[in-house]
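Remarks on the overall topology
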2 protein chains.
Amino acid sequence: MDSAEFLDILGNANRRRILRLLAERPCYVTEISDFLGVSPKAVIDHLEKLEAAGLVESRTDKKRRKYFSIARHVRLEVTVSPYEFGTKSAYPASSRLDLTSCRQLSIELEHDPDATDSGVTASDVEADDVVSLTQALRDVQQLENELSLAQRWAQGRLTELREHLESVLDDDQSRLLANLLLALADEPADIEELSRDVGAPPDVIEEPLSELVAEGIAEENGGTYRLADEE
Amino acid sequence: MDSAEFLDILGNANRRRILRLLAERPCYVTEISDFLGVSPKAVIDHLEKLEAAGLVESRTDKKRRKYFSIARHVRLEVTVSPYEFGTKSAYPASSRLDLTSCRQLSIELEHDPDATDSGVTASDVEADDVVSLTQALRDVQQLENELSLAQRWAQGRLTELREHLESVLDDDQSRLLANLLLALADEPADIEELSRDVGAPPDVIEEPLSELVAEGIAEENGGTYRLADEE
């Protein structure tokens with residue numbers, strides 16, 4: 001499911017209320033209809049959309065009555081800023097995901113025997129000890145809150161740095177220049193690649209690129225451009 | 001703006017396209033209308049909704065023509081899982097936000113002179129050096145990607161731990177019990193507070209709570225309950 005489909009689904013208040021209810025417990029159509037104060041027909045319409053999107057699934061009980069529950073774990077992030085409208089949706093990563101490749105981030109969970117300073121591998125609470133499991137859950141919840149906080153910090157910082165960079169560039173084309181610089185910082189690239197990265201035709205970026213080279217901000221070598229080294 | 005309002009706004013594909021366009025550059029109504037292939041009237045309707053929500057603002061140029069741009073930085077996170085339907089929306093945190101209070105997380109930005117092992121304080125790139133600013137921006141972008149990855153990891157882990165805990169509890173009421181345990185792990189609380197935390201009336205949680213105490217999983221002291229210490 002892509003972000004657009006997810007946002008279309010979530011753009012309806014009754015569908016959000018259905019998801020909130022099903023996250024509490026699986027329900028029959030009549031229960032949802034009573035809870036929402038909405039006709040069973042309308043509830044069925046919403047459930048069909050939610051099922052088609054793979055968010056909700058149905059089973060039948062012993063009396064052959066259909067009941068609904070949430071099928072899938074999905075996560076969506078949306079960012080709106082003067083420099084970005086970004087949506088990301090993703091299924092949760094497995095616990096075997098290797099976070100050690102993260103360069104800027106490290107995570108330390110008390111109950112994680114495998115945690116190292118450079119990241120988290122697979123934190124396994126395999127014990128069937130209710131107290132340990134509860135504490136591990138609480139730690140991961142706290143980590144989640146901290147990650148949200150860190151992301152808000154990062155987004156504010158991005159805007160500040162971006163505004164600062166564009167004001168230093170102080171040019172009619174400072175937005176294009178900033179995009180070019182970020183593309184160059186990513187990895188060395190030729191004009192074709194840079195053109196794709198910044199979403200502008202090659203002939204539009206040629207001149208600003210030459211200026212960046214002339215000012216010693218970028219370096220060119222055999223048609224490949226990169227950001228100059230820091231002093 | 002609350003999450004529900006944000007989701008209502010973003011539930012429309014043309015409003016998303018307008019935001020995407022304005023994140024590229026400020027625009028006149030006619031530009032937006034041409035780009036979207038939608039009547040100016042419809043564009044104005046969408047812009048009014050976006051302005052009312054504080055996401056978009058308008059100014060007039062020298063010829064008194066109105067143009068629109070993105071007004072505000074907003075961030076939204078949505079999580080759907082069998083145990084949760086959660087939405088969080090927030091403005092970005094200021095760069096002066098103190099992340100050192102984070103217990104599970106540490107962030108290291110190369111270009112941040114104030115970074116310590118225990119977190120990030122105010123990372124200041126005050127130099128007007130274009131190369132340093134660009135590298136700092138790229139680092140924060142990379143941090144953002146890592147934070148997203150970490151959040152996906154955390155969400156997958158939460159579901160695994162939750163499923164594990166409920167299967168160990170193995171009870172008709174395992175969902176209520178798990179919620180009670182998480183509330184107890186948070187901080188010591190009396191029945192009234194626990195009832196609010198788990199969203200169930202006091203007389204419903206009394207019996208499961210006594211059972212947790214009888215099994216040595218929770219402890220009671222003068223009407224206040226808490227999670228027992230780990231062995």
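Residues numbered from 1 in each chain as written. Chains lettered and ligands numbered in written order. Predicted model: local features only at pLDDT ≥ 70, side-chain atom pairs only at ≥ 80, totals over all residues. Heavy atoms only, no water.

**Section: the domain arrangement of chain A**
- Domain annotation for chain A reports domain 1 (3-70) and domain 2 (171-227).
- For domain 1 of chain A and domain 2 of chain A, the distance between their C-alpha centres works out to 49 Å. (Domains from an automatic or database assignment.)

**Some details on the packing of aromatic side chains**
Residues and elements named next belong to chain B.
- Across all of its chains, the model carries 2 aromatic pairs over all chains by this definition.
- With a centroid separation of 6.2 Å and 75° between ring planes, the pair formed by Tyr-28 and Tyr-67 is classed as edge-to-face. Taken as a pair, Tyr-28 in strand β1 (residues 27-28) and Tyr-67 in strand β3 (residues 66-70) lie far apart in primary sequence, 39 residues in all.
- The class of Tyr-67 is partly exposed, set by a relative accessible area of 23%. (Phe/Tyr/Trp six-rings, centres within 6.5 Å; stacked < 30°, edge-to-face > 60°. Helix = DSSP H or I, 4+ residues; strand = E, 2+ residues; numbered from the N terminus. Buried < 20%, exposed > 50% of the residue type's maximum accessible area, 1.4 Å probe, protein only.)

**Comments concerning the nonpolar core**
- If you look at the biggest cluster of nonpolar residues, it comprises 80 residues, and the most contacted ones within it are Leu-194 of chain A together with Leu-194 of chain B.
- Leu-194 of chain B has contacts with Leu-180, Ala-183, Leu-184, Ala-189, Ile-205, Leu-209 and Tyr-225 of chain B, leaving out every residue within four places of it along the chain.
- Counting residues in each nonpolar core, the second largest holds 54 residues, with Ala-23, Leu-55 and Phe-85 of chain A together with Leu-22 of chain B among its members. (Core = buried A, V, L, I, M, F, W, Y, C linked by side-chain atoms within 4.5 Å. Contact = heavy atoms within 4.5 Å.)

**A closer look at unusual backbone geometry**
Residues and elements named next belong to chain A.
- For Arg-64, which is not glycine, the phi dihedral falls at a positive 60°.
- Mapped onto the fold, Arg-64 is located in the loop between β2 (56-60) and β3 (66-70).
- Given a relative accessible area of 77%, Arg-64 falls into the exposed group.

**Remarks on the interface of chain A and chain B**
- With 106 residues of chain A at the contact, the number on the chain B side is 106 residues.
- Where chain A abuts chain B, roughly 10,000 Å² becomes buried across the two surfaces, and 60% of that area is made up of carbon and sulfur atoms.
- For the chain A face of the interface with chain B, the top three residues by lost area are Phe-85, Gln-104 and Trp-153 of chain A, together amounting to 9%.
- Along the contact surface separating chain A from chain B lie 4 salt bridges. (Buried area = accessible area lost by both parts, 1.4 Å probe. Salt bridge = Lys/Arg side-chain N within 4 Å of Asp/Glu carboxyl O.)

**Thoughts on the pairing of strand β4 (residues 74-81) of chain A**
- For β4 of chain A, the tally of buried residues reaches 8 of 8 residues, placing the bulk of the element in the interior.
- Burial along β4 of chain A is two-sided: Val-74, Leu-76, Val-78 and Val-80 of chain A facing one way and Arg-75, Glu-77, Thr-79 and Ser-81 of chain A facing the other are all buried.
- Across 7 bridges, β4 of chain A lies against strand β4 (residues 74-81) of chain B in antiparallel orientation. Residue Val-78 of chain A lies in a different strand from β4 of chain B, and its bridge partner there is Leu-76 of chain B.
- Of the strand pairs in this sheet, β4 of chain A and strand β5 (residues 84-90) of chain A are connected by 7 bridges, and their pairing is antiparallel. In the sheet register, Thr-79 of chain A faces β5 of chain A, and the bridge partner there is Gly-86 of chain A.
- In this antiparallel pair of consecutive strands, β4 of chain A and β5 of chain A, the connection spans 2 residues. (Pairing = 2+ DSSP bridges.)

**Focus on the pairing of strand β2 (residues 56-60) of chain B**
Residue and element names in this part refer to chain B.
- Relative to β3, β2 runs antiparallel, the two sharing 5 bridges. By the bridge assignment for β3, Glu-57 is matched with Ser-69.
- The loop that links β2 with its antiparallel partner β3 comprises 5 residues; one of these, Arg-64, has a positive phi angle of about 60°.

**Remarks on the confidence of the model for chain A**
Residues and elements named next belong to chain A.
- In this model, chain A carries a mean pLDDT of 84, and residues with pLDDT of at least 70 account for 87%.
- Mean pLDDT values for the elements of chain A range from 77 in strand β6 (residues 105-107) up to 96 in helix α4 (residues 40-52).
- Here residues 112-124 is modelled with pLDDT under 50, and outside its nearest four sequence neighbours on either side it reaches 33 contacts, counting other chains as well.
- The ipTM value of the predicted complex is 0.79, and its pTM value is 0.79. (pLDDT = per-residue confidence, 0-100.)

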